[in-house]
Amino acid sequence: GSAATLNDVLDAVYNIVRTSKGKFVDMLKLNRYELDTVLGYMRRAETITGLHLGNFELPFLQYYQPKNVFRAHYDMYQVDMARPFPYQDNQRSA
């Protein structure tokens, strides 16, 4: 057989950490009702955070079935698990 690729390993880890299914919203494929709904949620987030919609990433929707879990994950960091979590380095923090 062939050796596992990095993507194979990352997919395996992802499936351990996140048991849900999800994907980015393709805003161009939404019907009018769906678009209004998604934009409504984004406007609520805009109000709560004080950040302009133009600074947002595309929405990512997660679906959880009963007994699915969302464990802590650190995919946006180079984390040394032997040290405290580097909250000050979170580029997504205000």
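Residues numbered from 1 in each chain as written. Predicted model: local features only at pLDDT ≥ 70, side-chain atom pairs only at ≥ 80, totals over all residues. Heavy atoms only, no water.

### Things to note about the overall build of the protein chain
A count of helical and extended segments in the protein chain gives two helices and two strands. Counting from the amino terminus, helix and strand elements in the protein chain follow one another as α-β-α-β. Looking at the protein chain as a whole, 11% of its 94 residues qualify as buried. Here the analysis covers contacts within the protein chain between residues at least 6 apart in sequence; of these, 56% occur between residues at least 24 apart. (Helix = DSSP H or I, 4+ residues; strand = E, 2+ residues; numbered from the N terminus. Buried < 20%, exposed > 50% of the residue type's maximum accessible area, 1.4 Å probe, protein only. Contact = heavy atoms within 4.5 Å.)

### Regarding the pattern of salt bridges
Applying the stated criterion across every chain, the model contains two salt bridges. The shortest N-O distance in the salt bridge between Lys29 and Asp26 comes to 3.9 Å. Judged by relative accessible area, which is 69%, Lys29 ranks as exposed. Overall, Asp26 belongs to the partly exposed group, its relative accessible area being 36%. (Salt bridge = Lys/Arg side-chain N within 4 Å of Asp/Glu carboxyl O.)

### Focus: the confidence of the model for the protein chain
When pLDDT is averaged across the protein chain, the result is 76; 66% of the residues are at 70 or more. When the elements of the protein chain are averaged for pLDDT, helix α1 (residues 6-17) gives the smallest value, 71, and helix α2 (residues 32-49) the largest, 93. (pLDDT = per-residue confidence, 0-100.)

### A short note on the environment of Pro59
Its place among the elements puts Pro59 in the loop between α2 and β2 (60-63). A relative accessible area of 15% places Pro59 in the buried class. Remark: the alpha-carbon pair of Pro59 and Met27, spanning 32 residues in sequence, is separated by 8.9 Å. The residues touching Pro59, leaving out its near neighbours within four places in the chain, are Lys23, Phe24, Val25, Met27, Val38 and Met42.

### A short note on the environment of Glu46
With respect to the helices and strands, the residue Glu46 is situated in helix α2. Setting aside anything within four residues of it in sequence, one finds Glu46 in contact with Leu51, His52, Leu53 and Phe56. In terms of polar contacts, Glu46 uses its side chain to reach the backbone amide nitrogen of Leu53, at 3.0 Å. (Polar contact = N/O pair within 3.5 Å; in protein donor to acceptor, adjacent residues only side chain to side chain.)

### Digging into a nonpolar patch on the surface
Nonpolar side chains collect at one region of the surface, where Leu6, Val9, Leu10 and Val13 lie side by side and expose about 370 Å² of accessible area between them. With respect to the helices and strands, Val9 occurs in helix α1. (Patch = residues over 30% accessible without salt bridge, like charges linked within 9 Å, V, L, I, M, F, W, Y side chains within 5 Å. Areas by Shrake-Rupley, 256 points an atom, 1.4 Å probe, with all protein chains shown as cover.)

### Thoughts on the packing of aromatic side chains
Applying the stated criterion to the full structure yields one aromatic pair. Measuring from ring centre to ring centre gives 4.8 Å for Phe24 and Phe60, while their planes differ by 75°; the resulting arrangement is edge-to-face. Taken as a pair, Phe24 in strand β1 (residues 21-24) and Phe60 in strand β2 lie far apart in primary sequence, 36 residues in all. With a relative accessible area of 35%, Phe60 lands in the partly exposed category. (Phe/Tyr/Trp six-rings, centres within 6.5 Å; stacked < 30°, edge-to-face > 60°.)

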